[in-house]
Structure formats: C-alpha cells, structure tokens
Amino acid sequence: MMFEKTLKYAQDQDNADPLKTFRSQFHFPKKADGTDALYFAGHSLGLQPKKAKEYINEELDDWAKYAVEGHFHAKHPWLPYHE
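Numbering of residues starts from 1 in every chain and runs along the sequence as written. In keeping with the model being predicted, local features are shown solely for residues with a pLDDT of at least 70 and side-chain atom pairs are shown and tallied solely at 80 or more, while totals for entire chains, interfaces and linings include all residues. Heavy atoms from the whole structure form the basis of all side-chain values; hydrogens and water molecules are not counted.

**Q** How would you sum up unusual backbone geometry? Please name residues and give values.
**A** In this structure, Ala67 is a non-glycine residue whose phi angle is positive, near 50°. Going along the chain from the N terminus, every DSSP run of H or I of four or more residues is numbered as a helix, and every run of E of two or more is numbered as a strand. Assignment of secondary structure puts Ala67 in the loop between helix 2 (52–66) and helix 3 (70–73).

Now the structure itself:
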C-alpha cells in the first residue's frame, strides 16, 4: 500500500496496527471537553500505565509486611531487582 495523505489512509493504518490494543492500557490526559488529549511527549516519563498503581501498591504492601526482609521474601524480592 502506498502512502496517501488522507484521513481514511491514516485510519486504515491505525486499524491494521498490531499494537493498537496497547493504547487502552494507559491513562490519557483529558482536554477541557473531556476527550483524550493528543500526547506526543514520548521522551518524557510518558503516559501512566493503568496497572502502575497496582504494582506500586504490591511493593508498598510487601514493605509494610516484611520491612527489610522484603529484600528476600517480597512477592518480587528487592535484592535481585538490578538483574
């Protein structure tokens, strides 16, 4: 398929994108009218994954439960994080 400078071409490319389902896994900032803002700041921290809070809370729970022993006994032990 040759590039075309049309909305239909862009929509067809979006629909054919095998990674398109990943979009739903991130929070998007909203414009004043409530619609998703366009987000092009890929060099920044990026969009927050919807699962980020869940993952962080798992670590906080393990920290509360194990304290320093979380290095060895947490769901995801902290000692080998660098690996």
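Moving on from the model shown.
**Q** Describe the layout of surface pockets, with residues and values.
**A** Each cavity reported here is a set of points on a 1 Å grid over the protein atoms alone in which a 1.4 Å probe fits but cannot get out, each pocket an open set with protein on both sides within 12 Å along at least five of seven lines, and each lining residue one with an atom within 4 Å of a point. Grid points are joined across faces, edges and corners, and a volume is the space filled by probe spheres set on the points. Taken as a whole, the largest pocket encloses approximately 220 Å³ of empty space. Surrounding the largest pocket, Asp14, Asp17, Leu19, Lys20, Phe22, Arg23, Phe26 and Phe28 form its lining. As a working rule, the residues Ala, Val, Leu, Ile, Met, Phe, Trp, Tyr, Cys and Pro are called nonpolar, Asp, Glu, Lys and Arg charged, and the rest polar, with Gly in that last group. By residue class, the composition of the lining of the largest pocket is four nonpolar, no polar and four charged.

**Q** Lay out the pattern of salt bridges with the relevant residues and their values.
**A** For this document, the term salt bridge refers to a Lys or Arg side-chain nitrogen within 4 Å of an Asp or Glu carboxyl oxygen. Scanning all chains against the criterion turns up five salt bridges. Between Asp12 and Lys8 there is a salt bridge; the shortest N-O distance is 2.8 Å. Note that Asp12 and Lys8 are positioned in helix 1 (residues 7–16) at a spacing of four residues, about one turn of the helix. Here's how the labels work: a residue is buried when its accessible area is under 20% of the maximum for its type, exposed when over 50%, partly exposed in between, all with a 1.4 Å probe on protein chains only. Among the residues examined, Asp12 registers a relative accessible area of 28% and is labelled partly exposed. Among the residues examined, Lys8 registers a relative accessible area of 54% and is labelled exposed. The shortest N-O distance in the salt bridge between Glu54 and Lys51 comes to 3.4 Å. Taken together, the shared-partner salt bridges in this structure form one network comprising Arg23, Lys30 and Asp36.

**Q** Mind laying out helix 2, listing which residues take part and the relevant values?
**A** Helical geometry note: an α-helix holds 3.6 residues per turn, so side chains three or four residues apart project in the same direction. Under the convention used throughout, the expected extent of a helix is 1.5 Å for every residue step, that is, one less than its residue count. Over its 15 residues, helix 2 extends 21 Å from the first C-alpha to the last, a length consistent with the 21 Å expected when each residue adds 1.5 Å. The set of residues buried in helix 2 consists of Ala52, Glu58 and Asp62. Seen from one end, helix 2 has its buried residues packed into an arc of 135°, which puts them on one side. Opposite the buried face of helix 2, by more than 90 degrees, sit the exposed residues Lys53, Ile56, Asp61 and Ala64. Two residues or fewer past helix 2, Ala67 is found with a positive phi of approximately 50°. The directions considered for the arc are those from the helix axis to the C-beta atoms.

Fair warning: the whole summary comes from geometry, so function is off the table for now.
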